[in-house]
Amino acid sequence: MEIPRSIRTYCPKCRVHTVHRVKKVIQKHSPDPARTLSWGQRKFIRRTKGYTSQLAAKKDHVKQSQRNVLLLECSQCKKKQQRTVGGRTRKKIELKRGA
Ligand SMILES: [Zn+2]
């Protein structure tokens with residue numbers, strides 16, 4: 001999957017479509033230790049508790065796909081925003097050469 005190096009898209013700061021420069025973002029997959037007792041995490045523990053839980057069986061499931069995240073930088077205000085391209089996929093994205 002090839003992606004052009006510049007995309008014309010909406011900028012939340014300028015509130016209009018502008019040309020954005022595209023960069024790839026390398027995602028880190030380490031779990032955040034600060035989120036161990038967050039509301040969502042406690043809810044997850046509550047749900048997966050008990051032998052009837054179906055979710056508990058999936059505990060060791062490892063995601064095989066990853067999200068391709070792009071960093072878009074507005075050419076006018078230089079504000080950066082992240083965008084996921086293509087959802088969860090195993091396909092690799094590449095930036096187009098030249099142009
Ligand atoms: Zn902008």
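Cut-offs used in this document
Residues numbered from 1 in each chain as written. Predicted model: local features only at pLDDT ≥ 70, side-chain atom pairs only at ≥ 80, totals over all residues. Heavy atoms only, no water. Pairing = 2+ DSSP bridges. Helix = DSSP H or I, 4+ residues; strand = E, 2+ residues; numbered from the N terminus. Buried < 20%, exposed > 50% of the residue type's maximum accessible area, 1.4 Å probe, protein only. Contact = heavy atoms within 4.5 Å. Donors = N, O, S within 2.8 Å, 3.2 Å for Na, K, Ca; no water. Tetrahedral: all angles 85-135°; square planar, octahedral: opposite > 155°, others 65-115°.

Caption draft 1: Examining the pairing of strand 5 (residues 80–89) more closely. Two elements, strand 4 (residues 66–74) and strand 5, share 8 bridges in a ladder whose sense is antiparallel. Bridging across to strand 5, Arg-67 finds its partner in Arg-88. Linking strand 4 to strand 5, which pair antiparallel, is a turn of 5 residues; within it Lys-78 sits at a positive phi near 65°.

Caption draft 2: Structural context of unusual backbone geometry. The backbone phi angle of Arg-15 is positive, close to 65°, even though this residue is not glycine. Given the relative accessible area of 65%, Arg-15 is considered exposed. Of note, the phi angle at Lys-78 is positive, near 65°, even though the residue is not glycine. Mapped onto the fold, Lys-78 is located in the loop between strand 4 and strand 5.

Caption draft 3: Focus on the side chain of Asn-68. One can find Asn-68 in strand 4. On the basis of relative accessible area, Asn-68 is assigned to the buried category, the value being 8%. Beyond its immediate chain neighbours, meaning those up to four positions away, Asn-68 contacts Arg-83, Thr-84, Val-85, Gly-87, Thr-89, Lys-91 and Ile-93.

Caption draft 4: Spatial organisation of the coordination of the zinc ion. For the zinc ion, the full set of protein donor atoms is Cys-11 (SG), Cys-14 (SG), Cys-74 (SG) and Cys-77 (SG), and the range of their distances to it is 2.2 to 2.3 Å. For the zinc ion, the 4 donor atoms in the first shell make angles of 103 to 117° at the metal, so the coordination geometry reads as tetrahedral. Site description for the zinc ion: donor spacing in sequence, C-x2-C-x59-C-x2-C. Residue classification places Cys-77 among the partly exposed positions, given a relative accessible area of 24%.

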